[in-house]
Structure formats: structure tokens, C-alpha cells
Amino acid sequence: MKVLIADDEAIVLEGLKYIIDWKELGFTICGEASNGEMALEKILELSPDLVLLDIRMPKLNGTDVIKQAKEQGYKGKFIIISGYSDFTYAQTAIKYGVEYYLTKPVDEDELSNCVTTIKKEIEKTRKEKFTYSQYYEKAKQTILADIITGSQSINALQYPDLSLDANVYKVIIYENYNQEDFHTSYSFADMLRVTNHGNDSFEHVLINNQDIILLKGEFALERFDNLLQHYEHNPQKGSPLDTLFLTHGRNVYRLEDIYRSYEDAESLLNRRFFCKPNQHVFGYQELPDESLLTYQISKEETAYYYKLLTDYLQSFNRQKISDALSELEGHLTCCTDDIKSIKYFLADLFLQIKHDIAYTYSNSNIPFATNSAILSLIEQKYYLYEILHYFEEQFEIIMKAIGNQSSDSVLNDILYYIEHNYNENLKLETLAPLFGYNSSYLGKFFSKKMGKNFNAYLDELRINHSKELLKNKDLKVYMISEMVGYKNVDYFHKKFKKYVGISPAEYRKAE
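Residues numbered from 1 in each chain as written. Predicted model: local features only at pLDDT ≥ 70, side-chain atom pairs only at ≥ 80, totals over all residues. Heavy atoms only, no water.

Would you explain the packing of aromatic side chains in this entry?
The description of an aromatic ring pair uses the distance of the two centres, along with the angle that the planes make with each other. Across all of its chains, the model carries 21 aromatic pairs by this definition. Ring centres of Phe446 and Tyr457 lie 5.4 Å apart, and the angle between their planes is 70°; on these two criteria the pair is classed as edge-to-face. Separated by eleven residues along the polypeptide, Phe446 in helix α16 (residues 439–450) and Tyr457 in helix α17 (residues 454–469) bring together distant segments of the chain. Looking at Phe446, the relative accessible area reads 1%, which means it is buried. Connected via pairs of aromatic rings, a cluster forms that spans Tyr486, Tyr491, Phe492, Phe496 and Tyr507. A cation over a ring is seen here: Arg272 above Phe245, with NZ or CZ 4.0 Å from the ring centre. Over the ring of Tyr486 we find Arg462, and its NZ or CZ is 5.1 Å from the ring centre. (Phe/Tyr/Trp six-rings, centres within 6.5 Å; stacked < 30°, edge-to-face > 60°. Helix = DSSP H or I, 4+ residues; strand = E, 2+ residues; numbered from the N terminus. Buried < 20%, exposed > 50% of the residue type's maximum accessible area, 1.4 Å probe, protein only. Lys NZ or Arg CZ within 6 Å of the ring centre and 35° of its normal.)

Mind showing me how you'd approach the packing of helix α14 (residues 410–421) against α17 here?
Running from N to C, α14 and α17 cross one another at 45°; their axes reach a closest spacing of 10 Å. When the interaxial angle is binned, α14 and α17 end up oblique. Pair α14 / α17 crosses with right-handed handedness. For the pair formed by α14 and α17, the contact residues are Leu415, Ile418 and Glu419 on the first element and Phe454, Tyr457, Leu458, Leu461 and His465 on the second. (Axes fitted to C-alpha atoms, helices over the stretch in contact; angles between N-to-C directions. Parallel < 35°, antiparallel > 145°, perpendicular 65-115°, else oblique. Left-handed = near helix turned anticlockwise from the far one by under 90°. Contact = heavy atoms within 4.5 Å.)

For this particular structure, what's the right way to read the packing of helix α9 (residues 299–314) against helix α11 (residues 339–360)?
To characterise two packed helices, one gives the angle between the axes of the helices and the distance between these axes. The geometry of α9 relative to α11 is characterised by a closest axis approach of 9 Å and an angle of 45° between their N-to-C directions. By the angle between their axes, α9 is oblique relative to α11. Taken as a pair, α9 and α11 cross one another with a handedness that is right-handed. Of the residues in α11, those in contact with Glu301, Thr302, Tyr305, Tyr306, Leu309, Thr310, Leu313 and Gln314 of α9 are Phe345, Asp348, Leu349, Gln352, Ile353, Asp356, Ile357 and Thr360. Partitioned by chemical class, the residues of the contact of α9 with α11 number eight nonpolar, five polar and three charged. (Nonpolar A, V, L, I, M, F, W, Y, C, P; charged D, E, K, R; others polar.)

Function cannot be read off these values alone, since they describe shape.
Below, the structure written as C-alpha cells:
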């Protein structure tokens, strides 16, 4: 606590400084004055907690000092000192609320008791003020949270008292860019390069453990726009946005519409999964039209992309793989399912591809991770682009592992694909696009190079594989028919007899 001592007698002034142990009583002498004008000036400048004041002073007497100090907002305590003949002055001072009056010569014990009493009063007032401030701030935070979320009736509020009177508002939600960190330490005032005395520029509120900023007024919004223009794209290391991710809602112009801006920012935060690499800001302009959110995850969609990507992998068509993943990303961005469901869908898709490739190319040494490791990795990814990038990396590994190492032409890749998929319903119409041809051209090209048409080549391949399978007496003929790609066993019999000259049963007996 601070004390100012004022007396026009130098000896008395010096004595008052040492008559008691001010430090032990909890006070520091912050200044001294030898006349009334100087005393008033220092009271207003230093705002001491206590003023020890002589009632009779040159230039301005003590009562006028007290009167003018209080008129100008001084809230501290006074102890007035006077001679016996100055009691009339003391009465005037008492009218101004001065409670402590000592006569000269000042008694040490009497002064010490006065100062101790005043100290207790100041401490009590400070505690009450601090408690009130805490309650006020807590109440204000609750009211602000209700206004921002739209659960407070605006009509019941005296919002100028809450420093909410502005012509435009915007809600911002911010968190760490690195989602593994839990605490943000950046000052938003420093980010905007504004002072926020009296909370004139913005309010900071915690709602559901989220840092919410309410910008107020055109100046604060202008500073925010400048910040975005300067830092939004690829923030420099150490810049205000380098460690932060933030979403911001629309500008609103009425207090009762603030919740709309908050809902925008909250919706964007829930869509952070769809952000691009190194994206630190997600603005309300990027909110998708609700009517466009129509894509639904289903078993049919999983089957579609599983077949598409598996075919492109086996035909080593990197461009088609990239196009398919881009298409998938676009669909998922417009998905109605939650993020967890999207991750499950992607994990299921990848595991089906893995299972099919591993089975089809069982002799290839493909360095697949375990299913549990794949599930864990996809679950831990924060962004869709990270998962799709993982797909691309794994697909490249697969293509290198299953690639036809002797291939020096597209035809060899086609033959390699047929060799590993002859049991499927292969047709030129579906095979040709995988390798970048139309079916008519591929048919002519295939016949010219192989000396036989595509269907004849496929039939011969299937019959040769069926001959190997017929050696296994445990396999029924209809089972072998399906295993080599013939769904109709009678058709299998017809083809087998055409190429071998005898029926499958006769061939088995001969073996």
C-alpha cells in the first residue's frame, strides 16, 4: 500500500516519515508534499492508498485539497493533522468523509493505531472489490456465452453495461494447429495488434472448453481482415497464425444475430477434417451449401471404389488411381455421415483392397501392415488428405511389388492382368479403359499381336487352369467351372471339349 505525506514544516514532514515503521505496517512512502497544490497534484498523479495531510497548508489548505481530490475521483483514505486551534478546519474535513483526525504533536502509538485500522479497512475493501470483480466477470462470461450460443434473451439485457454496443460482430473459434497440443498461449490482442482496454475490441469466452472470440466493431474486424490477408496462406514460422487454427463465421449487425456467426464457426470446426494441407483458417465462405451435402456411405459405394481401385492397381494406371481418389475426396466432402463413419468407410475400403491383392498375388512379397496397424493409423489421422495420401503411398508400393518385371510393353501388362484375373467376368469393354484404350482398338491390337482374339485367348487360359484343378479329386467339376470363370457348368463342358477333345470327367479319369 502507498502513503503520501504532506506538511509545510520540513521538520514535521521528516518526523512523520520516521515516527512509525511504515514498512512493517504494510506501507511504502510514495511521495511527499510541502504545500496544498503539490499535495493535490501528487494525490491525483500517484493515487496513494493513504494521505497523511496537514490541515493548514500554503497555496491550498487541507480541506480544499480533500474536497478537490474527492471531486476528481480520489477514493483513498485521509488522516488529517492539526493544532488545537484548527478544530474548525477539522470539522470541515470530517464533513468530507475524513474519519481520522490527529492533533499536533502527533503521538506515535495513536498514529500507529490509526494506520493499522486504515490498513484493515483498505484490505477489506480490496477483498470486497476483488470478490465483486470475480462475480461480475463470471456473470459476464455466462451472459456472453448465452448470447453467443443464442440461449439468452437480448431484450432483458442492458448490453451497453457489458461493453457489447457495436455496429458489427463476428465470432471466431481458435485452437492449436497441432492437435496434439492441448493449450493455446497466444494473445489475440497481439494477433490483431490492438489494445483491448475495457474489452472494446473483442471478448474472450470459453464455451465447452473452446476458445471463442467475439469481435466488436468495424476497427476490430478490419484488423482481423488485415491479419488474414497477411498470414492466411502458408504462415511463416513464428507468425501469429503459425501455431493456430481458427474458424470464423459471418459478419452480423445485431446482437441477437451473434449466434448465427457462432454456428458458422462451429460448423466449420466440425469440418476441419476436410481442410487442405497447411490450412490455418476456415472461413464462413467455405461452408458448403446444405443442399449439396447428399453423398451417403454405403456397401455399394465401398464395393464400387474397391473394384475401381483394384482394377487400376492391377493395370498400373496411376493417373486413373489419382482421378478415382480425387473423385472420392469430392464425394466425401459432401458426405452426410460423421467423421468417424468416414474413417471406418476408408479403412474398410483399404482392407478389402489389401485382402484381394494379397490373395490374387499371393506369390508376391507385398509389405502390407497388419490390419490393426492400418485401422489405428487411419483412425489417428486428422485430415482426409492425409488418409488419401497414405492410400497413394501404399498403392505405389503394391504396384511395384506386383508389377510384371519382364514387361516392356502395354500388351505384357494386359496379359499379366488377365493371368491374375481370368476367373473374373473379363470383357474387352471393361478391360480396355483400364489400360487407356477403347475396346474396338484393343480387340484388333490383341488379335494382331497374339494371333487369336481376346475371347479365344481367355478360354484357352481358363481351360489350361481347369486341367490343373481337375487333378485334385476333391474338387467337383461345377466348382472348378466357377473357379476358372465359367458360371454355367454346361458352358464349361462345351468349352473344355472344344479345346481338349474330351469332357472334364474323361480328362480326370485319363489322368
